[in-house]
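Each chain, written out:
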Amino acid sequence: MSNKERIIWIDIAKGLGILLVILQHLEVGLLGKWISTFNMPLFFFLSGYVFSTKYDFVSFVKRKCKTLLIPYVFLGMTMVVFQLISYCYYGEISVNNVLKLLSDFVLQRRLWTLWFITCLFLMNIIFYLIVSFAKSFRKVSVIIAFLTILGILYYRFIGVELIWNLDVCFTMMIFFYAGYYCKVYKNNVTSLFKFRLWILPLALAGNILFSYLSYVISGSTLVVSWSLYGFEPFTFISAFFGVYFIIILSMAIRLEPIRYIGENSLIYFAWHQTLFIPVTYKVLNVIFNIFKLPLLDDGVLVWQIVYQLSALIIILLAITVLNLIISRSKFRFTIGK
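Residues numbered from 1 in each chain as written. Predicted model: local features only at pLDDT ≥ 70, side-chain atom pairs only at ≥ 80, totals over all residues. Heavy atoms only, no water.

Undergrad: Please provide a residue-by-residue account of the nonpolar core, values included.
TA: W9, L26, F44, F127, M172 and W271 are the most contacted members of the largest nonpolar core, which totals 107 residues. Ranked by residue count, the leading element in this core is helix α6 (residues 115-134), at 15 residues. Not counting the four nearest positions on each side in its chain, W271 is found in contact with F74, L75, T78, M79, F276, L322 and I326. (Core = buried A, V, L, I, M, F, W, Y, C linked by side-chain atoms within 4.5 Å. Buried < 20%, exposed > 50% of the residue type's maximum accessible area, 1.4 Å probe, protein only. Helix = DSSP H or I, 4+ residues; strand = E, 2+ residues; numbered from the N terminus. Contact = heavy atoms within 4.5 Å.)

What follows is the structure in structure tokens.
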């Protein structure tokens, strides 16, 4: 693959990941449970793939502040303001609620979808230090294995969510490292990243099988934002199969709308759940009531599908319009551009 092709499949994989995350947050039952088995590992894997140490540490941190922390502040404060308006609307505004909201935003322990941004920032910094000081592949591998095990032990015996979601950095570091390895040692894995139609059902079957086994053994599968890891060996194998499934699928898809979403994934990821899903549901409820159509809670499967697909389309169109407006303004730096 050429460098251009690799960029295309990464953007498409991110775009597919965003579409799946939005679907998951639209409460689509078993489909949502399946998506959670690999969606966050996918984003960490892709972030690891584009990771680079070509800049010195200070320059590296500055770049991550520009591409992650500034968007975190802008996108996050927009969500905080929206939440404050909601407090006022529902009569829940109080000093305690406001202070807690601001504290949660600053300390960031799984607050909305924003948790991923601070976690990814810390993971980049930690991984840069590991690669810079460890040097050799063997030493880096040992450190990553140690941190992953440490993260699992912390989750099992303590489980308190750390500031800026540092605990997730440890458990998900293995996926970030896998992405980095696939880029640096791409000659060793070239054959794995060639599209073959027969791979898709095998990868999907592996993902579902090990996720199911994890559930049978532990009663849960992978939900990173809830600190649920199921039976970790099977959960992680399932996640890698799921990541592989999306990557191979992205090799065969060349849809510009999906690629566009992938190129601008941060704003879609941050805003869809807290800002747009509640508003979209209210709009759809009004429309469905006007035409006397079954609502989401009425249990009519066909109309549930129509309702959720309508919500997905409205959310994507609305965020795309806002992204285009911001990207073409002098405030584009607020979304990392």
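Undergrad: Any details on the side chain of N165? Residues and values, ideally.
TA: Checked against the element boundaries, N165 lands in the loop between α7 (137-157) and α8 (166-184). Separated by 3.3 Å, the side chains of N165 and T118 make a polar contact. Non-local contacts of N165, meaning those with residues more than four positions away in its chain, are made with Q108, R109, R110, W115, T118 and C119. (Polar contact = N/O pair within 3.5 Å; in protein donor to acceptor, adjacent residues only side chain to side chain.)

Undergrad: Tell me about the environment of V58, and please be specific about residues and values.
TA: Following the sequence through the fold, V58 ends up in helix α4 (residues 57-89). The exposure class of V58 is partly exposed, given its relative accessible area of 48%.

Undergrad: Explain α7 residue by residue, including any values.
TA: Between its first and last C-alpha, α7 extends 30 Å over 21 residues, near the 30 Å set by a 1.5 Å rise per residue. When we look at burial in α7, the residues that qualify are V140, I144, L147, T148, G151, I152 and Y154. The buried residues of α7 occupy an angular sector of 160° when the element is viewed end-on, so they sit on one face. Opposite the buried face of α7, by more than 90 degrees, sit the exposed residues R138, K139, V142, F146 and F157. The inward-facing, buried residues of α7 abut α6, α8 and α11 (232-252). Of the residues trailing α7, G159 is marked for its positive phi of about 75°. (Expected span 1.5 Å × (residues − 1). Arc of directions from axis to C-beta.)

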